[in-house]
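# Inside the fold
Residue-level listing of the chains:
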Amino acid sequence: MSIKTILSHKLKGEAIFTDDIAPDNMIYGYTVRSEIPRGTILSIKIPELPGGYICADYKDIPGQKFFSTFGEEIPYLAEKKVHYIGEPILLLCGPDKQKLQCLGEQVSIEYKAETPVFSPLHAPEENIFDIVTYSKGSFSGLKDNPCVSVKDTYTTGSQEHLSLEPLCAVSLWNEKSIIIYASTLYPYHIKDNVALFLGVSKKRVKVIVPDVCAPFGGKLFLPTMIAAHTSLLSYMSLKPVKILYTREEDITCSFKRHPAVMTHEIVTDEEGNLLGIYADIIFDAGAYNVMSRRIIEKAVFSAFGMYYCDHMELKARLVKTNKIPSGYFSGSGEIQSLFALECNTYKIAQKVKTDPYIWKKKNISLDCEKRSPPNPGKYSSCIAVIDEVVRISDFLRKYGAYEAIKKPGECGTVSGATPRGIGLVLCPHIIGDFYETETNTYTLTLRLGKNRKLKIMTSLIDMGTSKAAYFAMIASHILNIHISEVIIEKTDTDNVPDTGPTIGSRAAYNIGKCIEQACESIKCKEKKKGYPIEVTKKINLPVKNKKNAKKIPFTPPVITWEGTVVEVEVDPVTFITTCRGIWIVLDPGPVVNDEIARQHVEAAALQNFGFATMEVLEFKNGKVYQNDISEYTIPDITTVPDIHVRFIQNRAGIKHYPGRGLGDQAVTGVAPGYISALYQATNNSYTHLPCTPESIMELMQNR
Amino acid sequence: MKITFTLNGKKTTIETSPEKKLIDILRLDLGLCGTKKGCEQGECGSCLVLINNNLINSCLVPAFRLGGKDIMTIEGFSQTKEYSMIEEAFLKKGVTLCGFCAPGVVLSIANLLSNTSTPSTGEIRDALSGQLCRCNGFLSLIQVVVEVFRIKNRKKNAKRS
Amino acid sequence: MQKEVDFRKILTPGNVHELLTLFSEYPDSLLFAGGTWIMINYNDTPAGFPEYIIDCGGIEELQKIKRTERYLEIGALVPLSRILGISPHVIPPVLYSALSMTATPEIRRLATLGGNININSSYSGILTVLFAMDCILEIRSLQQSRWISISELFLKTNKKNNLIPKDSVLTRIRIPSANWDFQVFRKIARKKSLMHCSLTFCGLAKTNKGILSDIRLCFGALGNQLFRQRGFEIKFLGRKLPFMNRTIDILLSEFGLLINPVTDRYSRAEYRRSTSIRLLKWFLEEINQMLL
Ligand SMILES: Cc1cc2nc3c(=O)[nH]c(=O)nc-3n(C[C@H](O)[C@H](O)[C@H](O)COP(=O)(O)OP(=O)(O)OC[C@H]3O[C@@H](n4cnc5c(N)ncnc54)[C@H](O)[C@@H]3O)c2cc1C
Ligand code: FES
Ligand code: FES
């Protein structure tokens, strides 16, 4: 289908999602889960099952009992030990959903409970999944001389992806092979793992991905577990089986953003010249280690941002707790540590009485040699980015005005003027992601037919037509064909090669780059050969020096800059905040389609805004407390602030497309920008995300 | 119980339990999957349909309330002239959507279209406030609505002259 | 376990008398008004709906809105959207804002005023306003029909139960006309369409020759029940305006002793406490300001 047809399809409601698939004779699956956060299963009592209903536990798995997550292996069904509330233990299936739920609730499990660990701060040594340390110069020695420092401990909460389409999978086993429909971002992960799980050859597992709603990388690994569950039930019942998570199940049992506790300190001389940075970062991984290294790497990189100085010290840990596992979430690792860094830079600027703009410009390290090569500064226009965002938001004038009216102690009283503030953030983003895995494992195929129609075959998932549009634009640019002549093949593992996981800007950058290369090859061949021309390309690391990818602090080969300004007003009576505007300037290199790129940035910014203001997700004794959409609140159209997005398109080092990012790139500046603005408005340092009126009140009253 | 209603312009009779939700009747019994199910709590708006030209969450309406009603789902609405205006605006603006909330969004715009002539941004926000979306930042949807009304007014003027 | 669905009967009274007759005949039946609350709470859980459902949708008598000199009368089955649709001069501004901050436009089209009142949710902004305005409710059963003030009903019901006694039906709601010189409604929630909020507040005040002649202060979402105490309001009456700062402080600290807010998934007790005090202060200061 061409891009226009895809959009029209979606608008007409013709897009087929996994739950829309209902083969004849289909029955439903139900998951019985652990009710305790940590312990050993002693016995399981299953009610008598009527005809047509069956149950399955770990013993029924014919093959491998664990699946991989780029971190640790996770059991499909708990064997003896359970590690979090909601961990799957038993599966039931049958024709009637209500009856199934009724039976499920009658299953009684006896446990021997063990003392759970809920806080990463109080976890024993053995709970540390991963740890990284780095030091340069002597940070502790800095304070022997006169200096200014800001130190704070920041915390960020858990965050739910909340894709509107709940998790769902349908499996059809037909004695020899299995067809799986799943709402996933990584079809080959299902294919490979389910083959091992059932003990059949990979050839006999076919995964089809219908339309998917999976914002912010939410459906990366968990769908594999659900697909395996439906496959096992289908294998045993010889019927098609569907598991559709209820909204509550989706919120309470899906992987979340890693909560973090970060102690961050910045030291400058009395003029505000940066001397040293210290960061201690602790991530709450939940019960299993999913993608740990990548999270830590990004956090470590972002803890220093673009301020690279002579004295730096860092420690980052990923700790196991008995809560739902944390998984991939767009901006993983970066969002947390940039929040700590950028709030601190704002504060130190205020402390040394310069405005944050001057402070940042003064201390950005553009000296490439300071960083381990290849340097991030090379193609950067980070000065241009910060200048532009300051200009379009009128930052300097507003900042000055709000400083001038600030009378310490007055705000928070009823008669005081409405407090206002404006925050400025500059942050780098790691682009492409996923470096050490891009070692010729993944491929994609392009085929140019006689009629000069181009078919792109990739297992990458396109959620919002944007990737399709993006790839099509690259191809049409290089091969000089009309966009409507570019067709994206449906995601079916029988027809498309393994292109790897659909995460973050990897899709746009790494894959876009590969499409560019494939198109160049086709162009060459077109002169000599007849049609059709088919080219399969391996996705390759853009890192010149692969060893560097493992180095700490990890320096990515490609980064993009984000400059963000957030303006906030606080109601002195209720402490409810109003965001008066968000301005974002990015340098992603050449932008293929301004409109699509802008929409992506808006959506990412809104998610970051939600994380900063209202997406409260707490745990009570290891259980998710806000467990439906009315309790876990995401921004809606009435709460979205004005977001102004601009691109600076610096083409240095780029041949055609893709630029340095976009795709599902995260926006991370809104949260620190918002908190900085609040800092200016109220003279209080807020250290927790999300920052609700409740938290603002607490600080205002404790003054 | 037996219930007869008009569905997308066609008389339809079904046999169902009286408290079954309209959304399940549409999706499971009649195979009309354009209406999506995001929460079953009236919170997300993915299940919106038009009943007697009023926008309603189909997860909140039981079968016994349907007798004699005129129900329009996205499948029916996408055949109308109004729909083509909305699609035109979406294509013009190049909005990216995963498609899950799209039917609800389209019907919300349709509802606004039949009730207002030139809505303010505030009215647009209010009209779409029942629809959650997690993939799009909403701002482009506001622009689409503005565009829809521009198209509508242009068509109206063209007719007049 | 599960009841067989085919046994379920839908009863469709065409007028109030039929409704009351059916209701007395099947006392365990479920009254179905807009159904927005019912469809979520009865869901398709195994327990499911009761055997008899009385569908009130066809009773036109209860879908009328009437206005006299003395009051505005709204039928229990009038959907919230229709009340918002009537002329803004007719409906008190505080009720208008409470309604427009209730749920989404689609839900308001289904949800009825009677249903909202009966749920007796302390989060309800509408209820906060109706309580402040001393509205009266017509409650009917086959045996009797009476008008009863909403505050009397609050006193009688258990916090968690529905407001309307189990054997009766709410038929009409009367909102007394009164010329309030000051009226405000505030709802503090993460999004305005959310039922669950941190606080709702309705403040009404009347002055006469520089003297405060009447005041109503009602808070929602503080706890399981709405907060309004006539005994506290009386302390304001007859006071000369503007209020002196000292008076305000004394009254506020008294107010602080009267409330007992709770912590839940949406907000914290401490926030509710201090924000309700600040809102009250703000309201009193607004009155002072307006007089200047
Ligand atoms: C998504 C969503 C958001 C919401 N947001 C808000 C909000 O912001 N603020 C707010 O206040 N509310 C909110 N609500 C609640 C909503 O206002 C109520 O569900 C609605 O008002 C109930 O009215 P109904 O006609 O649908 O009642 P029904 O669901 O039909 O009935 C509710 C109960 O009252 C009984 N009942 C109904 N009418 C009568 C009568 N006349 N006499 C005796 N008993 C009766 C019924 O038997 C039933 O027990 C929200 C609801 C939803 C689904
Ligand atoms: S499914 Fe009906 S509103 Fe979400
Ligand atoms: S586009 Fe995915 S939910 Fe709206």
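Summary of the structure given here.

### Focus on the sheet that holds strand S11 (residues 211-220) of chain C
Residues and elements named next belong to chain C. Strands sit in the order S9-S10-S11 across an open sheet of three strands; the sheet is antiparallel. The sheet is open, and its two borders are formed by strand S9 (182-188) and S11, each paired with just one other strand. Averaged over neighbouring strand pairs, the angle between their axes works out to 5° when direction is ignored. Here strand S10 (residues 199-208) pairs with S11 via nine bridges, running antiparallel. Directly across from Lys206, in S11, lies its bridge partner Asp214. Against the sheet, helix H7 (residues 125-132) contacts S9, S10 and S11, and its axis sits at roughly 25° relative to S10.

### Considering the interface of chain C and chain B
It is common to give the size of an interface as the accessible area lost on bringing the parts into contact. With 27 residues of chain C in contact, the opposing surface of chain B contributes 27 residues. Approximately 2100 Å² of surface area, both sides summed, lies buried where chain C meets chain B, with 59% of it carried by carbon and sulfur atoms. Together, Met39, Glu106 and Arg109 of chain C form the three largest contributors to the area buried by chain C at its contact with chain B, with a combined 28%. In this assembly, chain C and chain B are joined by three salt bridges. The salt bridge partner of Asp126 of chain B is Arg108 of chain C, with a shortest N-O separation of 4.0 Å. Linking chain C to chain B there are five residue pairs in polar contact (both at pLDDT 80 or more). For the side of chain C that touches chain B, the secondary-structure elements that each account for two or more residues are helix H2 (36-41), strand S3 (52-55) and helix H5 (105-110) of chain C. It is H5 of chain C that provides the largest number of residues to the side of chain C that touches chain B, a total of six residues. The residue makeup of the side of chain C that touches chain B, split by class, is 13 nonpolar, six polar and eight charged.

### Overview of the nonpolar core
The tendency in soluble globular proteins is for nonpolar side chains to be buried side by side. With 270 residues, the main nonpolar core has Leu454 of chain A, Phe90 of chain B together with Phe283 of chain C as its most contacted residues. Examining the composition of this core, we find that ten residues originate from one element, helix H11 (residues 466-479) of chain A, more than from any other. Setting aside residues no more than four positions away along its own chain, Leu454 of chain A makes contact with Leu446, Arg447, Leu448, Ala475, Leu479, Ile481, Glu485, Val486, Ile487 and Ile522 of chain A. Leu80, Phe154, Leu170 and Leu226 of chain C belong to the second largest nonpolar core, which has 68 residues in total.

### Some remarks on the sheet that holds strand S18 (residues 420-430) of chain A
Residues and elements named next belong to chain A. Spatially, the four strands line up as an open sheet ordered S18-S23-S24-S27, and their pairing is mixed. At either margin of the open sheet sits one strand with a lone partner, and together these are S18 and strand S27 (643-647). Taking each pair of neighbouring strands and ignoring which way they run, the sheet shows an average axis angle of 15°.

### Here we look at the pairing of strand S5 (residues 71-75) of chain C
Residue and element names in this part refer to chain C. Counted residue by residue, S5 has five buried out of five residues, so it is predominantly covered. Of the two faces of S5, the one carrying Tyr71, Glu73 and Gly75 and the one carrying Leu72 and Ile74 are both buried. Relative to S5, strand S4 (residues 65-67) runs antiparallel, the two sharing three bridges. If you follow Ile65 over to S5, its bridge partner there is Ile74. Adjacent in sequence and paired antiparallel, S4 and S5 are bridged by three residues. Inspection of the sheet shows S5 paired to strand S8 (residues 169-176) by five bridges, in the antiparallel sense. Paired with Ile74 across the bridge in S8 is Ile173.

Reading guide: rules and limits
- Per-chain numbering applies: the sequence of each chain, read as written, is numbered from 1 onward.
- Each chain is given a letter, starting from A, and each ligand a number, starting from 1, according to the order in which they appear as written.
- Totals for whole chains, interfaces and linings use every residue, but because this is a predicted model, local features are given only for residues with pLDDT of at least 70 and side-chain atom pairs only at 80 or more, for both listing and counting.
- Note that the side-chain values use all heavy atoms of the structure and ignore hydrogens as well as water.
- At least two bridges found by DSSP between two strands are what make those strands a pair.
- Per the convention used, a helix needs a DSSP run of H or I reaching at least four residues, while a strand needs a run of E reaching at least two, with both numbered from the N terminus.
- Only the stretch in contact is used when a helix axis is fitted, and all axes are lines through C-alpha atoms; the angle between N-to-C directions ranges over 0 to 180 degrees.
- Whether two residues are in contact is decided by their heavy atoms: any pair within 4.5 Å suffices.
- Buried area adds together the accessible area that both of two parts lose upon being put together, with accessible area traced by a 1.4 Å probe.
- Definition used for salt bridges: Asp or Glu carboxyl oxygen within 4 Å of a side-chain nitrogen of Lys or Arg.
- Polar contacts, as used here, are pairs of N or O atoms within 3.5 Å; protein pairs need one atom able to donate a hydrogen and one able to accept it. Residues neighboring in sequence count only if both atoms are side-chain atoms.
- Under the scheme applied here, ten amino acids are nonpolar (Ala, Val, Leu, Ile, Met, Phe, Trp, Tyr, Cys and Pro), four are charged (Asp, Glu, Lys and Arg), and all others, including Gly, are polar.
- We define a nonpolar core as any set of buried Ala, Val, Leu, Ile, Met, Phe, Trp, Tyr and Cys residues linked to one another through side-chain atoms lying within 4.5 Å.
- Exposure is judged per residue with a 1.4 Å probe applied to protein chains only, and the accessible area is read against the type maximum: over 50% gives exposed, under 20% gives buried, and values in between give partly exposed.

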